[in-house]
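Listed below are the residues making up each chain.
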Amino acid sequence: MSAGAVRWGILSTANIGVRKVIPAIGKAERCEVVAIASRDGERAAKVADELGIPRAYGGYEALLSDPDVDAVYIPLPNSQHAAWTIAAARAGKHVLCEKPLAMTAADAEEMVRACATEGVLLMEAFMYRLHPSWEAVRELVASGRIGRLLAVQSWFSYFNDDPNDIRNVATSGGGALYDIGCYSVNLSRMLFGTEPVRIQGSVTRDPVTGIDTLTSGILGFADGVATFTCAIRAEPDQRVHIYGANGRISFEIPFNIPPELPMRAFVTAGGDPPVRPETEVLTFDPANEYTIQAERFAAAVLDRTPVPIPPSDAVGNLRVIEELFRIG
């Protein structure tokens, strides 16, 4: 490991990495992107040249053999997360893996065990949780600002019917619930601070591809309920509403938060609702959630502290997702 910095390798030239995550890691403190790999060596070289990455490999195994790589970011198709996370762990690399961590809870548990055995860190890349707006709202809920937490409602959607996109390929782990519904499951469990005790769901599948295109869930917790819908054949939108006994909180943009824009959350309590409710607007300075994610992960590696999102959380998320698929 270089003095004071984590040297990153990127497994794949996936769009999310090239457009968002790699540039964000490059701006992060105590981070350097030193290598990228693709099954297509020419593609890896092209991306490396465009993004100023020193080394490009025409295969993931070659990157994992590079002694100058300390940690890897894995934005591969969901179906490949488990195999390459375990391979990275055995190569002695710390792993930041895109969500969902795996396609089943059993696979995720195997990934957690492999990383623990090899003494490397593993984290699921739920970047939104580390944005200042979410950290502040979590503190507000925990402090009782809106009273006892009763309900969480969320919606996440976009439109994508491209048959060549891996998000529309069942064997790659495509579909609405794996791709974006996992956020709603995650935030619900995060806010209630526990696992649901009752799960109900509705899953609508594409008759040709077999992936779910519209999925809704009801997660019953001991003291409240979370409801959500995710869709990948709908107008793009994302919303989160958090209801307490004495108030409510809403997000302007809860998940894909633009790094160049200030972000707002609305805390409503008192006044004369619903006509003239009393609302406080919380404004947060622009922040890149992907850069924060890289910095927090690097700090865990360099300072030998736990990652901010424990990998066990990913296992819990997948248990809920599997149950929604089973009953839906």
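Chemist: With reference to specific residues and values, describe the sheet that holds strand 3 (residues 55-57).
Modeler: Strand order in the open sheet formed by six strands is 3-2-1-4-5-6, and the pairing between neighbours is parallel. Taken across any chain shown, the strands that pair with only one partner, and hence form the sheet edges, are strand 3 and strand 6 (122-124). Within the sheet, the average angular offset between the axes of one strand and its neighbour, ignoring direction, is 25°. Pairing geometry for strand 2 (residues 31-37) and strand 3, over three bridges, is parallel. Bridge pairing links isoleucine 36 to alanine 56 in strand 3.

Chemist: How would you sum up the pairing of strand 10 (residues 224-231)? Please name residues and give values.
Modeler: A large share of strand 10 lies buried, amounting to six of its eight residues. Bridging between strand 9 (residues 212-221) and strand 10 involves eight bridges; their strand directions are antiparallel. Considered in strand 10, the bridge of leucine 214 is made with alanine 231. Taken together, strand 9 and the strand that follows it, strand 10, pair antiparallel across an intervening segment of two residues.

Chemist: A description of unusual backbone geometry should follow, citing residues and the corresponding values.
Modeler: Residue proline 100 is reached from lysine 99 by a cis peptide bond, and omega for that bond is -15°. Within the element layout of this structure, proline 100 appears in the loop between strand 5 (94-97) and helix 5 (105-118). Cis geometry is adopted by the peptide bond preceding proline 274, which originates at proline 273 and carries an omega value of 0°. Note on placement: proline 274 falls in the loop between strand 13 (263-272) and strand 14 (276-284). For serine 12, which is not glycine, the phi dihedral falls at a positive 120°.

Chemist: Describe the side chain of histidine 131, naming the residues involved and giving the relevant values.
Modeler: Within the secondary structure, histidine 131 is located in the loop between strand 6 and helix 6 (132-143). Setting aside its immediate chain neighbours within four residues, histidine 131 contacts Ile257, Met263, Ala287, Glu289 and Ile292.

Chemist: Give a detailed account of the nonpolar core, specifying residues and quantitative values.
Modeler: If you look at the biggest cluster of nonpolar residues, it comprises 101 residues, and the most contacted ones within it are Trp8, Leu11, Leu63, Val72, Trp134, Leu187 and Ile242. Here this core gets 11 residues from one element, more than from any other, and that element is helix 7 (residues 176-192). Setting aside residues no more than four positions away along its own chain, tryptophan 134 makes contact with Tyr128, Arg129, Leu187, Met190, Leu191, Val240, Ile242, Phe251 and Pro254.

Chemist: Describe helix 4 (residues 81-90), listing the residues and the values that go with them.
Modeler: Of all the 10 residues making up helix 4, seven are buried; the element is thus mostly covered by neighbouring parts of the structure. Lining the buried residues of helix 4 we find strand 1 (6-11), helix 3 (60-64), strand 4 (71-74), strand 5, helix 5 and strand 6. One or two steps after helix 4, the chain reaches glycine 92, where phi turns positive at roughly 80°.

Chemist: I'd like a rundown of the sheet that holds strand 14, residues and numbers included.
Modeler: The strand order 8-9-10-7-11-12-13-14 describes an open sheet built from eight strands, whose pairing is mixed. Each end of this open sheet is capped by a strand with a single partner; those strands are strand 8 (198-205) and strand 14. For this sheet, the mean inter-axis angle between neighbouring strands, taken without regard to orientation, is 15°. Against the sheet, helix 6 engages strand 7 (149-159), strand 11 (233-244), strand 12 (247-251), strand 13 and strand 14, with an angle of about 170° to strand 12.

Conventions we followed
Residues numbered from 1 in each chain as written. Predicted model: local features only at pLDDT ≥ 70, side-chain atom pairs only at ≥ 80, totals over all residues. Heavy atoms only, no water. Pairing = 2+ DSSP bridges. Helix = DSSP H or I, 4+ residues; strand = E, 2+ residues; numbered from the N terminus. Axes fitted to C-alpha atoms, helices over the stretch in contact; angles between N-to-C directions. Buried < 20%, exposed > 50% of the residue type's maximum accessible area, 1.4 Å probe, protein only. Contact = heavy atoms within 4.5 Å. Core = buried A, V, L, I, M, F, W, Y, C linked by side-chain atoms within 4.5 Å.

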